[in-house]
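Fold and contact review
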Amino acid sequence: DGGITQSPKYLFRKEGQNVTLSCEQNLNHDAMYWYRQDPGQGLRLIYYSQIVNDFQKGDIAEGYSVSREKKESFPLTVTSAQKNPTAFYLCASSRGRPGSNQPQHFGDGTRLSIL
Amino acid sequence: GESVGLHLPTLSVQEGDNSIINCAYSNSASDYFIWYKQESGKGPQFIIDIRSNMDKRQGQRVTVLLNKTVKHLSLQIAATQPGDSAVYFCAENIGNNNDMRFGAGTRLTVKP
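No experiment lies behind these values; they were computed from the predicted model shown.

1. Remarks on the overall build of chain B
Scanning chain B for helices and strands turns up zero helices and ten strands. Shown N-terminal to C-terminal, the secondary structure of chain B runs as helices and strands in the order β-β-β-β-β-β-β-β-β-β. Relative to the 2.2 N^0.38 estimate, which gives 13 Å for 112 residues, the radius of gyration of chain B is 14 Å and therefore close to what a compact globule would have. Dimensions of chain B along its principal axes, counting C-alpha atoms only, are 40 × 25 × 20 Å. The buried share of chain B, taken over its 112 residues, is 43%. Pairs at least 24 apart in sequence give 54% of the contacts found in chain B among residues at least 6 apart. Of the roughly 5500 Å² of accessible surface on chain B, a fraction of 46% belongs to carbon and sulfur atoms. If you average the places of the 11 positive and of the 10 negative side-chain charges in chain B, the two averages end up 2 Å apart.

Pasting the structure below:
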């Protein structure tokens, strides 16, 4: 089945530690996205990538980093600089080239908590 | 499972009734809109989309209505079932990079 796989489902971070969240898609989508979801709020964009080896900051990129070395993969690193990392993280992908108006499809998320 | 939305607007309906979930969007230049369903502990699931050159679009048991004059979007679910219980939120495309803005959502509860 085609889809988006996020791992792990649950992740715990210690103080001062960087952690990396995995996102893999086999939909052959060009664009990939990372969002953060907090209770009672809409999704907020962290980073997005339209093509391999290129990515752009979203609204809340501080304390996060990404890479896009392969079309299928878009890992997110939550660095120790992110002071409030506890949240539900969602990865999405779409066929979108800019302006194409294609729906974004989501994985089932990773819940990150602080120890 | 985890709650993905606390203190959200809620809608409670009886099984078999029709549901209407509303969304006010922000940007009059937005040209593409999506409704998503999110169950507890899962990622959002695409339900239906609509482009700004349309006023209405129908899917299986769902209809989306777009009123551009008042920047309002609604999702109608016919014959609501217990499996429809979830958080529903709308999204609008505000830019040229498929840059979506997401509402916080409405929690739908279906009573048997």
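2. Points about the overall build of chain A
From N to C terminus, chain A includes zero helices and eleven strands. When the helices and strands of chain A are listed from N to C terminus, the series reads β-β-β-β-β-β-β-β-β-β-β. Here the C-alpha atoms of chain A give a radius of gyration of 13 Å, agreeing with the 13 Å that 2.2 N^0.38 yields for 115 residues. Projected onto the principal axes, the alpha-carbon positions of chain A cover approximately 40 × 30 × 30 Å. Put simply, chain A has 115 residues, and 50% of those count as buried. Accessible surface for chain A amounts to roughly 5400 Å². Of this, 45% is attributable to carbon and sulfur atoms.

3. Considering the packing of aromatic side chains
If you walk through the whole model with that rule in mind, you get twelve aromatic pairs over all chains. On the numbers, 5.3 Å between centres and 85° between planes, the contact of F106(A) with Y36(B) is edge-to-face. A residue pair is termed interchain when its members come from two chains, as with F106(A) in strand β10 (residues 105–106) and Y36(B) in strand β3 (residues 32–38). Judged by its relative accessible area of 10%, F106(A) falls in the buried class. Clustering of aromatic rings is evident, with ring pairs tying together Y33(A), Y35(A), Y48(A), F106(A), Y36(B), F89(B) and F102(B). Sitting over the ring of F74(A), R68(A) keeps its end group 6.0 Å from the ring centre.

4. Quick notes on the sheet that holds strand β7 (residues 72–77) of chain B
Residues and elements named next belong to chain B. The antiparallel open sheet is built from four strands, whose spatial order is β2-β7-β6-β5. Two strands bound the open sheet, and with one partner strand each, they are β2 (19–24) and β5 (56–58). When strand polarity is set aside, the average angle formed by the axes of neighbouring strands in this sheet is 15°. Sheet topology places strand β6 (residues 62–67) next to β7; six bridges connect them, and they run antiparallel. By the bridge assignment for β7, V64 is matched with L75.

5. Concerning the confidence of the model for chain A
Scored by pLDDT, chain A has a mean of 92; 96% of the residues are at 70 or more. Ranking the elements of chain A by mean pLDDT puts strand β2 (residues 10–13) of chain A last with 92 and strand β7 (residues 64–66) of chain A first with 98.

6. Regarding the interface of chain A and chain B
With 30 residues of chain A in contact, the opposing surface of chain B contributes 29 residues. For the pair chain A and chain B, the summed buried area comes to about 2200 Å², and 46% of that belongs to carbon and sulfur atoms. We note a salt bridge from R101(B) to D59(A), for which the minimum N-O separation is 3.1 Å. Counting the contacts that link chain A with chain B gives seven residue pairs in polar contact (both at pLDDT 80 or more). Mapped onto the side of chain A that touches chain B, the elements with two or more residues apiece are β4 (31–37), β5 (44–51), β9 (87–94) and β10 of chain A. Its residues assigned to classes, the side of chain A that touches chain B comprises twelve nonpolar, 13 polar and five charged.

7. Here we look at the pattern of salt bridges
Oppositely charged side chains may form a pair once their charged atoms are brought near each other. Using the criterion set out here, one finds seven salt bridges over all chains in the structure. Among the ionic pairs, R57(B) bridges to D49(B), the shortest N-O distance being 2.3 Å. Three or more residues joined by partner-sharing salt bridges are found here, namely R36(A), D38(A) and R44(A).

What counts and how
- Residues numbered from 1 in each chain as written.
- Chains lettered and ligands numbered in written order.
- Predicted model: local features only at pLDDT ≥ 70, side-chain atom pairs only at ≥ 80, totals over all residues.
- Heavy atoms only, no water.
- Helix = DSSP H or I, 4+ residues; strand = E, 2+ residues; numbered from the N terminus.
- Rg over C-alpha atoms; globule rule 2.2 N^0.38 Å.
- Buried < 20%, exposed > 50% of the residue type's maximum accessible area, 1.4 Å probe, protein only.
- Contact = heavy atoms within 4.5 Å.
- Areas by Shrake-Rupley, 256 points an atom, 1.4 Å probe, with all protein chains shown as cover.
- Lys, Arg positive; Asp, Glu negative; His and termini not counted.
- Charge placed at Lys NZ, Arg CZ, Asp CG, Glu CD.
- Phe/Tyr/Trp six-rings, centres within 6.5 Å; stacked < 30°, edge-to-face > 60°.
- Lys NZ or Arg CZ within 6 Å of the ring centre and 35° of its normal.
- Pairing = 2+ DSSP bridges.
- Axes fitted to C-alpha atoms, helices over the stretch in contact; angles between N-to-C directions.
- pLDDT = per-residue confidence, 0-100.
- Buried area = accessible area lost by both parts, 1.4 Å probe.
- Salt bridge = Lys/Arg side-chain N within 4 Å of Asp/Glu carboxyl O.
- Polar contact = N/O pair within 3.5 Å; in protein donor to acceptor, adjacent residues only side chain to side chain.
- Nonpolar A, V, L, I, M, F, W, Y, C, P; charged D, E, K, R; others polar.

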